[in-house]
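As a plain string of letters, each chain reads:
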Amino acid sequence: MQIVYWVTNECNLSCSYCYVGDKGIDYMTNEIIDQSLVFIQEQLEANNDEVLMVRFHGGEPMLNHHLIKYVCNQIRMKCWDVRLYFEVTTNGTIDSEEVMAVFFDNIDEVSISLDGTKDIHDRYRIDQKGKGSYDRAIATALKLKETMGSEAIRIRMTFDADTVYYLAEGVIHLAELGFFSTIVPAADSFDKRWSNETVSIYEHECSKIKRYIENKNYHHRSEKLCVAGFDISEVRKKATCDGGVTSFHIVPNGDIYPCTYVVNDKKFRIGNLDRGIIDDKISDLMNVYQQSNDSCQGCAYIEFCISTRCKLINYKLTGDYHQPSPMLCHTENILLKMCELTV
């Protein structure tokens, strides 16, 4: 089971492509956490789960690092008969000793946002004064890698139709800094500027990344470079979405949502910690999840594509649960070809 705490809506950066719609100043409280523990226990018992993944999101979650520490301590004290896993997504710009101690003492994996080289990162990830955040973020990432080990650090590298031209350069830059465990290039699917030309550029950049990975792993076999989407061993058939079934996103006021992409969209609110889950909402979602995409029929990659599983991102991008975004379709196909998937 996966629980995602959106511990605050506030963020200290003003990234131009941020997909979080409502960025207020709400902070989750200990009282909401205490309510959530009852909810988690009920869900664990109902689903007979063996693993509990607890993720912290925002805004910038480390602005509420005291609460993150409280959550981790309270969950560990519950002694549920499950394996626990704690992960946080951060922009890496808050690096006080107190914050770093929360990372070191409580978190199993840190997903840190770094968009490649300093020039590209600072183009979009700016603070409230318009100053780039690369220097602070890279310093935090290197410190975390040194203390927690590279396997605990996941680099999330966002690119759009403008910066796709520098995608390979960015991946290589991060790999050369020693971030081998997982670099995750993530296309900004909400960018309206994607075109046949920029998708073609994406394919060209992916080819360069693939060649670099093959060369790097051949010469440095002691530590394998992993770039998400380029390893055939990671390719799996997509199961039906479990958003609202074994995956729950809880926002500061206790409202519950099924998915990152629909957090704070009231249409997709599936309940509240006070009143529980709305069964009719889950039934409606399950019906959506289980319907196939007519336009995908006949595609060789239909069972492996994210658009097959993630009906809510389809809705957000096209307004139709079962109509994938052409851009997302093309980029997914390119990655599957890079993995040399044969079907």
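Up top you'll find the structure we're talking about.
1. Here's the deal with the overall build of the protein
Part 1: Helix and strand content of the protein: 11 helices and 10 strands.
Part 2: For 343 residues, the compact-globule estimate of 2.2 N^0.38 gives 20 Å, and the C-alpha radius of gyration of the protein, at 20 Å, lies within 12% of that figure.
Part 3: Its C-alpha atoms give the protein principal-axis dimensions of about 50 × 50 × 40 Å.
Part 4: Relative to its 343 residues, the protein shows a buried fraction of 52%.
Part 5: Taking the contacts inside the protein whose residues are at least 6 apart along the sequence as the reference set, 69% of them involve residues at least 24 apart.
Part 6: Counting every atom, the protein has about 16000 Å² of accessible surface; 47% of that belongs to carbon and sulfur.
Part 7: Averaging the locations of the 36 positively and 50 negatively charged side chains of the protein gives two centres separated by 3 Å.

2. Section: the side chain of Thr8
Part 1: Here Thr8 shows up in the loop between strand E1 (2-6) and helix H1 (30-47).
Part 2: The exposure class of Thr8 is buried, given its relative accessible area of 0%.
Part 3: A polar contact is formed between the side chain of Thr8 and the backbone oxygen of Asp26, at a distance of 2.9 Å.
Part 4: The contacts of Thr8, once residues within four sequence positions are left out, are Asp26, Tyr27, His57, Gly58, Gly59, Glu60, Pro61, Leu63 and Pro252.

3. Quick look at helix H8 (residues 279-290)
Part 1: In this model H8 runs 17 Å from its N-terminal to its C-terminal C-alpha over 12 residues, within 8% of the 16 Å that 1.5 Å per residue would give.
Part 2: Ile282, Leu285, Val288 and Tyr289 are the residues of H8 that are buried. Down the axis of H8, the sector holding all buried residues measures 120°, keeping them to one side. For H8, exposure combined with an orientation more than 90 degrees from the buried face picks out Asp279, Asp280, Asp284 and Gln290.
Part 3: Packing partners of the buried residues in H8 comprise strand E10 (276-277) and helix H10 (311-318).

How each quantity is defined
- Residues numbered from 1 in each chain as written.
- Predicted model: local features only at pLDDT ≥ 70, side-chain atom pairs only at ≥ 80, totals over all residues.
- Heavy atoms only, no water.
- Helix = DSSP H or I, 4+ residues; strand = E, 2+ residues; numbered from the N terminus.
- Rg over C-alpha atoms; globule rule 2.2 N^0.38 Å.
- Buried < 20%, exposed > 50% of the residue type's maximum accessible area, 1.4 Å probe, protein only.
- Contact = heavy atoms within 4.5 Å.
- Areas by Shrake-Rupley, 256 points an atom, 1.4 Å probe, with all protein chains shown as cover.
- Lys, Arg positive; Asp, Glu negative; His and termini not counted.
- Charge placed at Lys NZ, Arg CZ, Asp CG, Glu CD.
- Polar contact = N/O pair within 3.5 Å; in protein donor to acceptor, adjacent residues only side chain to side chain.
- Expected span 1.5 Å × (residues − 1).
- Arc of directions from axis to C-beta.

Function cannot be inferred from these measures alone, as they are strictly geometric.
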